Amino acid sequence: MTKRWQVDPVQVDPGHPAIREAADKLRQGEPVAFPTETVYGLGADAGNTEAVERVFAAKGRPADNPLIVHIADREQLVGLTAEPNELSKRLMDAFWPGPLTLILPVMPGAVSPRVTAGLSTVGVRMPDDPVALALIRASGRPLAAPSANRSGRPSPTRAEHVLDDLSGAIAGVVDGGATGVGVESTVVEAGTAGVHILRPGGVSAEDLRRALPGIAVTVAGEMNAGADPLTAASANQPPGAAAPETEAPKSPGVKYKHYAPKGALTLVTAREEGARTAWINAELARRKAQGERTGVLAAEERAARYPAADAVVVFGREAEPQTFARGLYDALRRFDEAGVTFILAEAVDEAGIGAAVMNRLRKAAGGRVIRLDDPTNPGE
Ligand code: AMP
Ligand code: MG
């Protein structure tokens, strides 16, 4: 039986009965899901290998994909990592608590080797969520926590999503309502060359540049800009196939297909919006004639422009780009509820949080991208 502990996300402290009970489960080595400001995490005592193994088993997560360790205060770094370098500390000052994960040298033996997947580093962050912080404090342990979904599925942004995927497989979920940011943390490495973004997330490259004037901020994969890995040549991969790679992944998890609804999703980019709307409607009509149940993932501003779709799911408003991040995973799950088998998704502007949204959409698409502006890839 998976328990659901209801808590008030604003007024919660480590002494709350629900938090105490959930923390007891964690101390007993049981995985417990909890809200953070990004998505729901599935937590386990980072030092308990059996508990961590239960997290991998419940999710069906590949063993070479390390887990992020969540702490409630900077004192918890002592004994967990070596002394962070100055740039890492500046990042903590500027962005913790918040959706930024720092890759730091791990102290030997501080966490289960299953957490780090055998690496000499560990990803650490301090979530900006009162429920998460109360639970970490009550458990008295750093919590290793990946997103609380079955591996490959869209990450959970509500307790219902967690239960849809993991009911019966975990001890319980602390229900603190919908999460705020909606996409996972930004994973960075800070060193003498500056800050390197291994995975885009809730803190944007622009946020980092603003906070660290004069410090280089680079993004993994961008040295290959122009030679986008997600070309038509890699389209139509079977579900579960690894996304194409351009470089050996430094952040092991980035190579896996992720965040995918059950229907096949294709991302559609175009400079000219009218042309895209027309192409999408025509393609949906064609697919429907072939027996597909069709859907469009659209901005609220354009939701009414897709009469050909069986289901139009709005994931946010163009006028407020952070709403795309907040609504993305719930929207992807809604296609499953509607039994949609063929999905076309509008690409969004890559500025700010848009980089993280597009990263997740590309993964959900598993390589299927139609570029209507590209004469070599007219989407036929
Ligand atoms: P998730 O738990 O699904 O949010 O994924 C965690 C992300 O952090 C994955 O992309 C991991 O590859 C990355 N990550 C965790 N620990 C490390 C580490 N020590 N070095 C590099 N990347 C890491
Ligand atoms: Mg995840």
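Fair warning: this is a prediction, and the values are worked out from it, not measured in the lab. (Residues numbered from 1 in each chain as written. Chains lettered and ligands numbered in written order. Predicted model: local features only at pLDDT ≥ 70, side-chain atom pairs only at ≥ 80, totals over all residues. Heavy atoms only, no water.)

Draft legend 1. Spotlight on the overall build of the protein. Counting its secondary structure elements, the protein contains ten helices and 16 strands. Taking the principal axes of the C-alpha coordinates as reference, the protein spans close to 60 × 50 × 35 Å. Taking contacts inside the protein between residues at least 6 apart in sequence as the whole, the part at least 24 apart equals 67%. Here the protein has roughly 15500 Å² of accessible surface; of this, 52% comes from carbon and sulfur atoms. Taking the average place of the 42 positive charges on the side chains of the protein and the average place of its 47 negative ones, the gap between the two points comes to 3 Å. (Helix = DSSP H or I, 4+ residues; strand = E, 2+ residues; numbered from the N terminus. Contact = heavy atoms within 4.5 Å. Areas by Shrake-Rupley, 256 points an atom, 1.4 Å probe, with all protein chains shown as cover. Lys, Arg positive; Asp, Glu negative; His and termini not counted. Charge placed at Lys NZ, Arg CZ, Asp CG, Glu CD.)

Draft legend 2. Here's a closer look at the environment of Gly123. Topologically, Gly123 is positioned in strand 6 (residues 121-125). Judged by its relative accessible area of 10%, Gly123 is buried. The sequence separation of Gly123 and Val217 amounts to 94 residues, and the corresponding C-alpha distance is 18 Å. Residues contacting Gly123, with those up to four places away along its chain left out, are Leu67, Ile68, Val69, Thr101, Leu102 and Ile103. (Buried < 20%, exposed > 50% of the residue type's maximum accessible area, 1.4 Å probe, protein only.)

Draft legend 3. A look at the confidence of the model for the protein. With 90% of its residues at a pLDDT of 70 or more, the protein has an overall mean of 91. A low-confidence stretch, residues 224-248 (pLDDT under 50), is modelled with 36 contacts involving residues beyond four sequence positions or located in other chains. (pLDDT = per-residue confidence, 0-100.)

Draft legend 4. Quick look at the packing of aromatic side chains. Under the criterion given, the structure shown has two aromatic pairs. The aromatic ring of Phe56 is capped on one face by Arg114, whose charged end is 4.8 Å from the ring centroid. (Phe/Tyr/Trp six-rings, centres within 6.5 Å; stacked < 30°, edge-to-face > 60°. Lys NZ or Arg CZ within 6 Å of the ring centre and 35° of its normal.)

Draft legend 5. Spatial organisation of the packing of helix 1 (residues 17-27) against helix 5 (residues 130-139). In contact at an axis separation of 8 Å, helix 1 and helix 5 are set at 55° when each is read in the N-to-C sense. Of the possible angle classes, the one that applies to helix 1 and helix 5 is oblique. As for how helix 1 packs across helix 5, the hand of that crossing is right-handed. For the pair helix 1 and helix 5, contact is made by Ile19, Ala22, Ala23, Leu26 and Arg27 and by Val131, Ala134, Leu135, Ala138 and Ser139, respectively. In terms of residue class, the contact of helix 1 with helix 5 is built from eight nonpolar, one polar and one charged. (Axes fitted to C-alpha atoms, helices over the stretch in contact; angles between N-to-C directions. Parallel < 35°, antiparallel > 145°, perpendicular 65-115°, else oblique. Left-handed = near helix turned anticlockwise from the far one by under 90°. Nonpolar A, V, L, I, M, F, W, Y, C, P; charged D, E, K, R; others polar.)

Draft legend 6. Main features of the sheet that holds strand 5 (residues 100-105). An order of 1-8-2-3-7-4-6-5-9-10-11 is seen for the eleven strands of this open sheet, with the pairing classed as mixed. Every other strand in the sheet has two partners, leaving strand 1 (3-6) and strand 11 (217-219) as the edge strands with one partner each. Here strand 5 runs beside strand 6; their pairing, made up of four bridges, is antiparallel. Bridging across to strand 6, Ile103 finds its partner in Gly123. Helix 3 (residues 86-95) rests against strand 5, strand 9 (186-191) and strand 10 (194-199) of the sheet, and its axis sits at about 155° to strand 5. Against the sheet, helix 6 (residues 159-166) engages strand 1, strand 2 (32-34), strand 3 (41-45) and strand 8 (172-175), with an angle of about 170° to strand 8. (Pairing = 2+ DSSP bridges.)

Draft legend 7. Region of interest: the pairing of strand 13 (residues 294-299). Of all the six residues making up strand 13, six are buried; the element is thus mostly covered by neighbouring parts of the structure. Going residue by residue along strand 13, you find Thr294, Val296 and Ala298 tucked away on one face and Gly295, Leu297 and Ala299 tucked away on the opposite face as well. Sheet analysis places strand 13 next to strand 15 (residues 342-346), joined by four bridges and oriented parallel. Following the sheet pairing, Thr294 is matched in strand 15 by Phe342. Note that strand 13 and strand 14 (residues 311-316) share five bridges and pair parallel. Residue pairing for strand 14: Leu297 is matched across the bridge by Val313.

Draft legend 8. Looking closely at the sheet that holds strand 14. With parallel pairing, five strands are arranged side by side in an open sheet as 14-13-15-12-16. Every other strand in the sheet has two partners, leaving strand 14 and strand 16 (369-371) as the edge strands with one partner each. When the angles between neighbouring strand axes are averaged without regard to direction, this sheet yields 25°. Running at roughly 175° to strand 15, helix 8 (residues 273-289) makes contact with strand 12 (264-269), strand 13, strand 15 and strand 16 of the sheet. Lying over the sheet, helix 10 (residues 354-364) contacts strand 12, strand 13, strand 14 and strand 15, oriented at roughly 135° with respect to strand 12.

Draft legend 9. Region of interest: the pattern of salt bridges. Going through the model one piece at a time under the given rule, you end up with 30 salt bridges. A salt bridge links Glu50 to Arg54, with the nearest nitrogen and oxygen atoms 3.9 Å apart. Taken together, the residues span about one helical turn, with Glu50 and Arg54 both in helix 2 (residues 49-59) at a distance of four residues. Taking the relative accessible area as the measure of exposure, Glu50 reaches 53% and is therefore exposed. On the basis of relative accessible area, Arg54 is assigned to the partly exposed category, the value being 34%. Ionic pairing is found between Glu346 and Arg302, a salt bridge with its closest N-O pair at 2.8 Å. Of this pair, Glu346 sits in strand 15 while Arg302 sits in the loop between strand 13 and strand 14, and the two are 44 residues apart along the sequence. Residues participating in the shared-partner salt-bridge network are Arg4, Arg158, Glu160, Asp175, Asp330 and Arg334. (Salt bridge = Lys/Arg side-chain N within 4 Å of Asp/Glu carboxyl O.)

Draft legend 10. Spotlight on unusual backbone geometry. For the peptide bond that leads from Trp96 to Pro97, omega is -10°, which places it in the cis range. Secondary-structure assignment places Pro97 in the loop between helix 3 and strand 5. Not every positive phi belongs to a glycine, and Ala117 is a case in point at roughly 50°.

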